[in-house]
Amino acid sequence: MKPSLSWMFMLLLVKETISQDFMEPSVNILIELKSIMGKIKVMEEKINELQMENREQNVQIEALKVRMNTTHGIFTAPVKGVYYFNIVLFNANPPSAGVHIIKNRARVVSITDNPPGEDSEDTASNSVTLLLEKGDQIHIELIEKRKVYTDLAGRNSFSGHLLFPTE
Ligand SMILES: [Ca+2]
């Protein structure tokens, strides 16, 4: 069977179309490459920015950690901001337990618990959110004639953290 003239013509057209695609691509590779390089540069700048932010936050966290004086348990605010404090108090036996959270010299909140037999709970907690100026101090104070029970179970805690700085 001999190829017809129309078949031959169609083959020539296909060949011409394919060679045109390779020789004249509809995508300008150099422009696309420049665009991709630009996007990579923007992403690199964003990554550097995020790494810098992360480093600054880590420095702030470290600064907060060292602001709690472990000798006398007084926290000093390193920056003006909104802080959250929480205390959990466990009581296993008489007398009653109780402490205040003190901001500078003022009582903010109290936590108390009667010994077993006088009530049905052994654990009390309280928390407070405070706007602190840089240098404000927070500590726990024992209520007169009360105690803080302690053992190896770690059932009492006092914790706090900066929610956000305001300057
Ligand atoms: Ca109790």
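Scroll up to find the structure this text is about.
Residues numbered from 1 in each chain as written. Predicted model: local features only at pLDDT ≥ 70, side-chain atom pairs only at ≥ 80, totals over all residues.

**Description of the overall build of the protein**
Defined as follows: Numbering of helices and strands runs from the N terminus, with a helix taken as a DSSP run of H or I at least four residues long and a strand as a DSSP run of E at least two residues long. Around each residue's C-beta, the other C-beta atoms within 10 Å are counted; 20 or more make the residue buried, 12 or fewer make it exposed, and counts in between make it partly exposed. All C-beta atoms are placed from the backbone. In this description, a residue-residue contact is defined by the distance between C-beta atoms placed from the backbone, which must lie within 7 Å.
A count of helices and strands for the protein gives two helices and eight strands. Counting from the amino terminus, helix and strand elements in the protein follow one another as α-α-β-β-β-β-β-β-β-β. Scored against the burial criterion, the 167 residues of the protein give a buried share of 10%. Taking the contacts inside the protein whose residues are at least 6 apart along the sequence as the reference set, 70% of them involve residues at least 24 apart.

**Quick look at the nonpolar core**
The test is simple: Defined on buried residues, the nonpolar core groups Ala, Val, Leu, Ile, Met, Phe, Trp, Tyr and Cys residues joined through C-beta atoms within 7 Å.
In this structure, A77, Y83, F85, I87, L89, F90, A97, V99, I101, I111, L132 and I138 together form the largest nonpolar core, which totals twelve residues. Of all the secondary structure elements, the ones that give two or more residues to this core are β3 (81-90) and β4 (97-103). With five residues, β3 is the single largest residue contributor to this core. Among all residues touching L132, those that are not within four sequence positions of it are A77, K80, G81 and Y83.

**Let's talk about the sheet that holds strand β6 (residues 123-132)**
Worth spelling out the cut-off: Whether two strands pair depends on DSSP finding at least two bridges between them. Geometry is summarised by axes, namely lines fitted to C-alpha atoms with helices restricted to the contacting stretch, and by angles between N-to-C directions that run from 0 to 180 degrees.
Judged by pairing direction, the sheet is antiparallel, and its three strands sit side by side in the order β6-β3-β8 without closing on themselves. Two strands close off the open sheet at either side, each with one partner strand: β6 and β8 (157-165). Looking at each pair of strands side by side, their axes are set apart by 15° on average, direction ignored. Relative to β8, β3 runs antiparallel, the two sharing eight bridges. Within β8, the position partnered with I87 by the bridge is F158.

**Here's the deal with the environment of H100**
Mapped onto the elements, H100 comes out in strand β4. What makes H100 partly exposed here is the crowd of 19 C-beta atoms within 10 Å. H100 sits 43 residues away from I143 along the chain, and the two C-alpha atoms are 6.7 Å apart. What H100 contacts, discounting residues up to four positions off in sequence, is R107, S110, E141 and I143.

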